[in-house]
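# Fold and geometry: a report
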Amino acid sequence: MGMSSDDVVLIEEGKNSGEPSVVTVNCPDKAGLGCDLVRNVLEFGLYVTRGDFSTDGKWCYIVLWVVSRPLSLKIDWGSLKNRLLSCCPSFLPAFYLSQLPDRSRSPPLYVLKVFSLDRQGLVHDVTKVLCELELTIQGLKVMTTPDGKVLDLFFITDHLDMLHTRIRREETCEHLSGVLGECCISCELQLAGPEFKYQQGFSSISEEVADELFSCELSAKEDCSQTINKAVSGDKKAVINVDNLMSPAHTLLQIQCLDQKALIYDILKISKDCNIRIAYGRISTSVKGYRSLDLFIQTDDGKKILDIENQVALCSRLKEEMLHPLRVIITNRGPDTELLVANPVELSGKGRPRVFYDVTFALKTLGICIFFAEVGRHSTSDREWEVYKFRLDETRGFPLTSNRAKRDIVDKVRRTLMGW
């Protein structure tokens, strides 16, 4: 007889606004489980304030203290619980597993057509609703008419794999119409036909733009690190100590780093991709903008990391991921101005959570409109990247021909993505 869902994932909601909720996961272990759990927590707009990880290689016990960002964000705790349960190894009763979506195939692409009166922040408002409904945006095309109306085509996939049902499609359109109010003229949702298949591809990136976006020297450039430099100076941004004396069976990583909202995910992603097993981990609360972690780790064959070159390589990857998990640039594409945001994907193929949401929120805050967006992949010599392209409309407050305005846009987008 299997364990009940409450035995596997238990969520104790905070009693007061701003008080952390406690998420406890108790289940058989698997490679990368901590990364998968934290990734899903982030997708619901939650920030991990502290955490504890413990495993013997067969069974794990994970506790995460989380708060919503912003605090006013409403969390569907039941949906989060189901999402976390879907990450846990398949040992639950068959009747429950049959309710979970099949992850072995690529989800079908749907097109959401929103015809409405044009207004500032419309793209983000729709994005917010889609995130709440657990729908993922794969691309966007905006077409504006001369009479002040706009047709937005959102190319989406469904994490719940239920858009093939009429009820799910109708509920999505009704929810959107309710949020958009009188400015919404019509809303349609259907399976994307052959005429939309090109949206699942990705237009090419010029060699010059790729060099700027993916260069390994980007971290040394001012436009990549200026936001960090304003907050902290020198070598205090990230410190990693490797200790093989503290434990007879594990290598201890002691990490202190400038905090950002997905820091825990970025660290666990490297651990997962490098086949590093965390036997025990403690994540401390952020103090004065810094986060401290103690991780007792082993290789996947249960050994310490004794080789100096392997230690240096691991620390180098961790530092790069902790300090520069995203690349943000603005470039010209003919007469258009294009904002590009790139982040490395996991070896499993999963991208970073809520990037589209954060970028559209930042642009809405600046009063900048989007008339085209797409999400695609780009491969470099050592990794695969998820790349977001946004073509921007000129505004009075941010004339896109101004270098200062471009720097301000990049800075605002990066700060929003990092949670600063």
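Rules used throughout
- Residues numbered from 1 in each chain as written.
- Predicted model: local features only at pLDDT ≥ 70, side-chain atom pairs only at ≥ 80, totals over all residues.
- Heavy atoms only, no water.
- UniProt positions renumbered as here; feature names shortened; annotations may be inferred.
- 1 Å grid on protein atoms, 1.4 Å probe; cavity = no way out; pocket = protein on both sides within 12 Å on 5 of 7 lines; lining within 4 Å.
- Points joined across faces, edges and corners; volume = space filled by probe spheres on them.
- Helix = DSSP H or I, 4+ residues; strand = E, 2+ residues; numbered from the N terminus.
- Nonpolar A, V, L, I, M, F, W, Y, C, P; charged D, E, K, R; others polar.
- Salt bridge = Lys/Arg side-chain N within 4 Å of Asp/Glu carboxyl O.
- Buried < 20%, exposed > 50% of the residue type's maximum accessible area, 1.4 Å probe, protein only.
- Core = buried A, V, L, I, M, F, W, Y, C linked by side-chain atoms within 4.5 Å.
- Axes fitted to C-alpha atoms, helices over the stretch in contact; angles between N-to-C directions.
- Parallel < 35°, antiparallel > 145°, perpendicular 65-115°, else oblique.
- Left-handed = near helix turned anticlockwise from the far one by under 90°.
- Contact = heavy atoms within 4.5 Å.
- Phe/Tyr/Trp six-rings, centres within 6.5 Å; stacked < 30°, edge-to-face > 60°.
- Lys NZ or Arg CZ within 6 Å of the ring centre and 35° of its normal.

Looking at an unreviewed UniProt entry, the chain carries the name ACT domain-containing protein ACR, with the source organism given as Helianthus annuus. Looking at the chain in UniProt, the text filed under Function (unreviewed entry) is "Binds amino acids."

Okay, empty space enclosed by the protein next. For the coordinates displayed, the defined rule picks out four cavities of 30 Å³ or more. Roughly 170 Å³ of volume is contained in the largest cavity. Around the largest cavity, the lining is made up of 18 residues, and of these Arg 119, Leu 122, Val 123, Cys 369 and Ile 370 lie nearest the centre. Sorting the residues of the lining of the largest cavity by element identifies helix H5 (122-132), strand E6 (135-144), strand E7 (149-158), helix H11 (355-366) and strand E15 (370-379) as the ones contributing at least two each. When grouped by side-chain class, the residues that make up the lining of the largest cavity number nine nonpolar, four polar and five charged. Empty space within the second largest cavity amounts to approximately 70 Å³. Lining the second largest cavity, in full, are Leu 253, Ile 267, Ile 270, Ser 271, Ile 276, Ile 278, Leu 295, Ile 297, Leu 314 and Leu 318. Elements with a minimum of two residues in the lining of the second largest cavity: helix H9 (263-273), strand E11 (276-283), strand E12 (290-299) and helix H10 (308-323). Of the residues belonging to the lining of the second largest cavity, the class tally is nine nonpolar, one polar and no charged.

A word on the pattern of salt bridges. Tallied over the full model, the rule gives 26 salt bridges. Where Arg 291 meets Asp 259, a salt bridge forms, and the shortest distance between an N and an O atom there is 3.4 Å. Placement of the pair is Arg 291 in strand E12 and Asp 259 in the loop between strand E10 (251-258) and H9, with a sequence separation of 32 residues. We classify Asp 259 as buried; its relative accessible area is 9%. In this structure, the salt-bridge partner of Lys 389 is Glu 374, at a minimum N-O distance of 3.9 Å. With Lys 389 in strand E16 (residues 384-392) and Glu 374 in strand E15, the pair connects residues that are 15 residues apart, well separated along the chain. Considered together, Lys 389 and Glu 374 belong to a single accessibility category, that of buried residues. Here the salt bridges do not stand alone but share partners, grouping Lys 30, Asp 36, Arg 39, Glu 43, Arg 83, Glu 134, Lys 272 and Glu 346 into one network.

Moving on, we come to the nonpolar core. By size, the foremost hydrophobic cluster in this structure holds 52 residues, and its most contacted members are Leu 64, Ile 255 and Met 322. Membership of the second largest hydrophobic core comes to 48 residues, among which are Val 126, Cys 173, Leu 176 and Cys 187.

It is worth spelling out the packing of helix H2 (residues 33-43) against helix H3 (residues 77-87) at this point. Packing of H2 against H3 brings their axes to within 9 Å, and their N-to-C directions diverge by 160°. Considered as vectors, H2 and H3 are oriented roughly antiparallel to each other. Crossing handedness for the pair H2 and H3: right-handed. Note on element contacts: H3 touches H2 through Leu 80, Arg 83, Leu 84 and Cys 87, opposite Leu 33, Asp 36, Leu 37, Asn 40, Val 41 and Glu 43. A class-by-class count of the residues in the contact of H2 with H3 yields six nonpolar, one polar and three charged.

Here we come to the packing of aromatic side chains. Any two aromatic rings considered together are summarised by their centre-to-centre distance and by the angle between their planes. Tallied over the entire structure, the rule returns three aromatic pairs. A centroid spacing of 6.1 Å and a plane angle of 50° characterise the contact between Tyr 280 and Phe 296, whose relative ring orientation is tilted. Of the two residues, Tyr 280 is situated in strand E11 and Phe 296 in strand E12; the sequence distance between them amounts to 16 residues. Arg 69 extends its terminal NZ or CZ atom over the ring of Tyr 47, reaching a point 3.9 Å from the ring centre.

All right, on to unusual backbone geometry then. That bond from Arg 69 to Pro 70 is cis: its omega, 0°, falls within 30 degrees of zero. Inspection of the secondary structure assignment puts Pro 70 in the loop between strand E4 (59-68) and H3. A positive phi angle, near 65°, is found at Glu 134, a position not held by glycine. The phi torsion at Arg 354 lies on the positive side, around 60°, for a residue other than glycine. Inspection of the secondary structure puts Arg 354 in the loop between strand E14 (336-344) and H11. A relative accessible area of 16% means that Arg 354 is categorised as buried.

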